[in-house]
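# Structure at a glance
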Amino acid sequence: MSSPQLSDRHAGAALGIRPGSAPAAERTLSFVDAVREAADQEMARDPAVLVFGLDVDDPKAIQGTCRGLLEKYGPERVFGTPLSEDAMTGAAIGMALAGLRPIHVHIRMDFLLLAMNQLVNVAAKSRYMYGGRVNIPLVVRSMIGKSWGQGAQHSQGLHSLFMHVPGIKVVAPSTPYDAKGCLAAAVRDDNPVLYVEHRLLHFQKGPVPEASYTVTPGKARVTAVGEDVTLVGISYMQVECLRAAKYLESVGVKAEVIDPIWLSPLDIDTIAESVERTGRLLVVDTAWLNCGAAAEIVAQVAERLQGVRDLRLKRMGFAPTTCPTTPGLEDLFYPNARTIAAAARDLVEERACGWLPAERPDLQSIVFKGPF
Amino acid sequence: MRAQLYRSLYRIRRLEEEVARVYATDKIKSPVHLSIGQEAVSVGVCAALRPQDVVFGTYRGHALYLAKGGDLNAMVAELYGKATGCTKGKGGSMHLIDPEAGVMGMSAVVGTTIANAAGYAYALKHRRPDAVVVSFFGDGATEEGVFAETLNFAVLKQLPVLFVCENNGYAIHTPQIRRQGKADICARAEAAGVPSARLNGNDVVGLARRTEEALAEVRTGGGPWFFEVATYRWREHVGPGEDYQLGYRAAAECGPWVAADPVRRLGDALPAGERTGIEAEVETEIAAAFAFAEASPFPDSAELMTDIFKEEFDVLTAAQR
């Protein structure tokens, strides 16, 4: 709806990229509170909306994202479930078939692997295989972990598995503003939506309007404007890309940064339009590269622009191994603002520059003290 | 009552015999898992259901679809892959649905709909307490984790759902005794806290009565019930024929089931005139359904890309392009 969401103040302001661009009167919320507020407002708006999952009603309330919902809406609409991801996903689908609008919460994305049959074989396919006679208005929230030894089974970014499958939408907001608007959009969507959160994004703060609003499926956002290279950062890597853009400024490279927000449907128009200008594309994912979201974006851009102009393309993401817990190895497993900046500069200068910017205190990664 | 049961049984039997007969012509564009021999389970249970009640089933779902009141023309057209089919030729025999009749879906992945049924029951409990859900599945499905998980959830939330395990003794070609360390499915339901009964799948009148009794509890907040119903698949796992030549089961094993065939026995018990009247009407209806399927068009090629999302096709692809 909002025309090309170019340089939207909410996205950048959340990271202090364009300080002062948000009106002083505007309220600041954390990502956690933005998620919670969206769920609260959608539950208030529509009595068919309910929230359940392991531990949504316990004292920690899923990092606080479900805090207060049980007290306000009662145990029929907010309940913790047995440790039964398969059956509870199937039950969520049954509820959706009966006209409810469930939000099923998983505190780690890794647990979705226990629910793949219901998500892929039933949720994504029901509308089609039943000839359009049913809808599955289901939201599945899940979190990617990172830092403090999350390790092999608490850190996976599996969103591309779902991008592969027709019939399910995938959204990965990176700012509090988009967290609220995308969750509202997902709840109101008549189709299944996988809502991808990142544990480190939960600590982000940014402007979030109090009134309810939606962020339209299938629209990317340009979060920084530049002409030398296009950086596409997925989920938490959007934060690192914006930091990388600041490092690149110091060597005279102007990076355009794009947050795809919705991975399926994917707004390839906005990305390709940028790459047609810059000629260089670096996609950074919080996931592996093989058959991943970054591969898909690069492939679609290459298909679109081959023969139109010369292209320099690169992907960054998890190292092609299992995530280790010890900090020294874990740091090597992930891209970060400095390694992204280095790769982007190499693309721009078309050579191995051997440059790695010195870490700037104002662009450090979030310090996260576990356990979760 | 008996006349109605006979009509339903005879209709399913004859419909599937016609499916088997026509199958050789390749006009049916879908694998078929015939329920011949097992019809009485669906007919007996559905005789105790109300129109607003809802059923979920399996890929062997012709009998359930028809017993619950699914549209016959739309079913045959679906098997033919026609645009007038109940899913416009997109789901085929294994994914029959008729929401208006309370037939809410069937899965080709064993056990899958058990959980869907429980979720539907959760919604009914809080929004439409006059209705219940019946979940049909086979003996093989009780080996899936989703069966145990769903029983637990149904008891925990005291859901209005009746679980009906149609135990035909085989998962494709493997007998229950080679798959289950303790071949007592009712015991597993009881262990989860679900009251259970082991019933005779050829006793259609008894099944209707026992379903009525169990649902009296389920409808009044008593929580879930479980039936293990003994039955037998006369034909091959998938396809129109028999499969005794494969050697995994003896033809003689089927003998007692054929001897106790409820379709024949119920028919024999009816006054001759009433029986022939029912049969003539059913034959006319079935012939009309096949004629409807034959005359119906195949879906337009544009249908390949519709119904993926509930949105206009061009809106979404515009976003994806």
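Residues numbered from 1 in each chain as written. Chains lettered and ligands numbered in written order. Predicted model: local features only at pLDDT ≥ 70, side-chain atom pairs only at ≥ 80, totals over all residues. Heavy atoms only, no water.

## Here we look at the overall build of chain B
The helix and strand inventory of chain B stands at twelve helices and eight strands. Computed over C-alpha atoms, the radius of gyration of chain B comes to 20 Å, within 12% of the 20 Å expected from 2.2 N^0.38 for 321 residues, which places it in the range of a compact globule. Overall, chain B is about 50 × 50 × 40 Å in size when its C-alpha atoms are taken along their principal axes. The burial tally for chain B puts 58% of its 321 residues in the buried class. Look at the contacts in chain B between residues 6 or more apart in sequence, and 72% of them connect residues 24 or more apart. With 34 positive and 41 negative side-chain charges, chain B shows a spacing of 3 Å between the two charge centroids. (Helix = DSSP H or I, 4+ residues; strand = E, 2+ residues; numbered from the N terminus. Rg over C-alpha atoms; globule rule 2.2 N^0.38 Å. Buried < 20%, exposed > 50% of the residue type's maximum accessible area, 1.4 Å probe, protein only. Contact = heavy atoms within 4.5 Å. Lys, Arg positive; Asp, Glu negative; His and termini not counted. Charge placed at Lys NZ, Arg CZ, Asp CG, Glu CD.)

## Topic: the pairing of strand β4 (residues 101–106) of chain A
Residues and elements named next belong to chain A. Within β4, six of the six residues are buried, which leaves it mostly tucked inside the rest of the structure. With burial as the criterion, each face of β4 is covered, one bearing R101, I103 and V105 and the other bearing P102, H104 and H106. Pairing between β4 and strand β5 (residues 139–144): four bridges, direction parallel. Bridge pairing in β5 places I103 opposite V139. (Pairing = 2+ DSSP bridges.)

## Concerning the pairing of strand β10 (residues 229–233) of chain A
As a general feature of sheets, a regular strand has side chains that alternate between the two faces. Residues and elements named next belong to chain A. Across the five residues that make up β10, a large majority, five, are buried. What you see with β10 is no split at all: V229, L231 and G233 on one side and T230 and V232 on the other are buried throughout. For the crossover from β10 across helix α9 (residues 236–249) to strand β11 (residues 255–259), the handedness is right-handed. Summarising the sheet, β10 and strand β13 (residues 280–284) pair through four bridges and their orientation is parallel. Paired with L231 across the two strands is L282, which belongs to β13. (Right-handed = clockwise from strand over helix to strand, strands pointing away.)

## Examining unusual backbone geometry
The amide bond that connects S264 of chain A to the next residue, P265 of chain A, takes the cis arrangement and shows omega of 0 degrees. Checked against the element boundaries, P265 of chain A lands in the loop between β12 (262–264) and α10 (268–278). Phi is positive for D26 of chain B, close to 65 degrees, though the residue is something other than glycine. Within the fold, D26 of chain B resides in the loop between α1 (2–23) and α2 (39–46). Taking the relative accessible area as the measure of exposure, D26 of chain B reaches 51% and is therefore exposed.

## Side note on the sheet that holds strand β6 (residues 169–171) of chain A
Residue and element names in this part refer to chain A. Taking strand neighbours across the sheet as the criterion, the seven strands line up as β3-β2-β4-β5-β7-β6-β12 in an open arrangement whose pairing is mixed. Lying at the two open borders of the sheet, with one neighbouring strand each, are β3 (78–80) and β12. Pairs of neighbouring strands in the sheet enclose a mean axial angle of 20 degrees, with direction left out of account. (Axes fitted to C-alpha atoms, helices over the stretch in contact; angles between N-to-C directions.)

## Looking at the packing of aromatic side chains
The geometry of an aromatic ring pair comes down to the distance between the two centres and the angle between the two planes. Residues and elements named next belong to chain B. Scanning the entire structure with this criterion turns up 19 aromatic pairs over all chains. Plain terms: the ring middles of F56 and Y120 are 5.8 Å apart, the flat faces sit at 65 degrees to each other, and that makes the pair edge-to-face. Residue F56 is found in strand β1 (residues 54–58), and its partner Y120 is found in helix α5 (residues 112–127); the two are separated by 64 residues along the sequence. Residue class for Y120 comes out buried when judged on its relative accessible area of 8%. For the pair Y232 and W257, a centre-to-centre distance of 5.8 Å together with 15 degrees between the ring planes defines the contact as stacked. (Phe/Tyr/Trp six-rings, centres within 6.5 Å; stacked < 30°, edge-to-face > 60°.)

## Things to note about helix α7 (residues 185–192) of chain B
Residues and elements named next belong to chain B. Among the residues of α7, I185, C186 and A189 are the ones counted as buried. End-on, the buried residues of α7 take up no more than an arc of 100 degrees, which puts them together on one face. Elements in contact with the buried residues of α7: α6 (145–156), β4 (161–167), β7 (196–200) and β8 (225–230). The backbone nitrogen of C186 has a side-chain oxygen 3.4 Å away, supplied by the residue at the start of α7, namely D184. Note on α7: the residue one or two positions beyond its end, G193, has a positive phi of about 100 degrees. (Arc of directions from axis to C-beta. Polar contact = N/O pair within 3.5 Å; in protein donor to acceptor, adjacent residues only side chain to side chain.)

## Points about the interface of chain A and chain B
Contacts between the two partners involve 48 residues from chain A and, on the opposite side, 45 residues from chain B. Taking both partners together, chain A and chain B bury about 3,600 Å²; carbon and sulfur atoms supply 59% of that area. Among the residues of chain A in contact with chain B, Y128, Y130 and R133 of chain A are the three that bury the most area, contributing 20% of the side total. For the pair chain A and chain B, the interface holds four salt bridges. (Buried area = accessible area lost by both parts, 1.4 Å probe. Salt bridge = Lys/Arg side-chain N within 4 Å of Asp/Glu carboxyl O.)

## Focus on the pattern of salt bridges
Within the structure shown, the criterion is met by 46 salt bridges over all chains. Here D243 of chain B ties to R233 of chain B by a salt bridge, and the two come within 3.6 Å at their closest N and O atoms. Separated by ten residues along the polypeptide, D243 of chain B in the loop between β8 and α9 (251–259) and R233 of chain B in the loop between β8 and α9 bring together distant segments of the chain. There is no split in this pair, since D243 of chain B and R233 of chain B are both buried. If you follow the salt bridges from partner to partner, you end up with R127 of chain A together with K88, K90, E303 and D307 of chain B in one network.

## Remarks on the domain arrangement of chain A
All names here are of chain A. What the domain assignment reports for chain A is domain 1 (4–207) and domain 2 (221–363). Centre-to-centre separation of domain 1 and domain 2, based on C-alpha positions: 25 Å. Every contact between the two is made by 39 residues of domain 1 and, on the other side, 33 residues of domain 2. Here domain 1 meets domain 2 over a buried area of about 3,000 Å², counting both sides, of which 64% is carbon and sulfur. Linking domain 1 to domain 2 there are one salt bridge. Note that R221 is salt-bridged to D178, the shortest N-O span being 2.3 Å. Looking at the side of domain 1 that touches domain 2 element by element, the count peaks at four residues for helix α8 (residues 176–188). (Domains from an automatic or database assignment.)

## As for the environment of K72 of chain A
You can see K72 of chain A is positioned in helix α3 (residues 69–73). Along the primary structure K72 of chain A and D40 of chain A are separated by 32 residues, whereas in three dimensions their C-alpha atoms are 8.7 Å apart.

## What about the side chain of R108 of chain A?
Examined against the element boundaries, R108 of chain A turns out to sit in the loop between β4 and α5 (116–123). There is a polar contact of 2.6 Å between the side chain of R108 of chain A and the side chain of Q150 of chain A.

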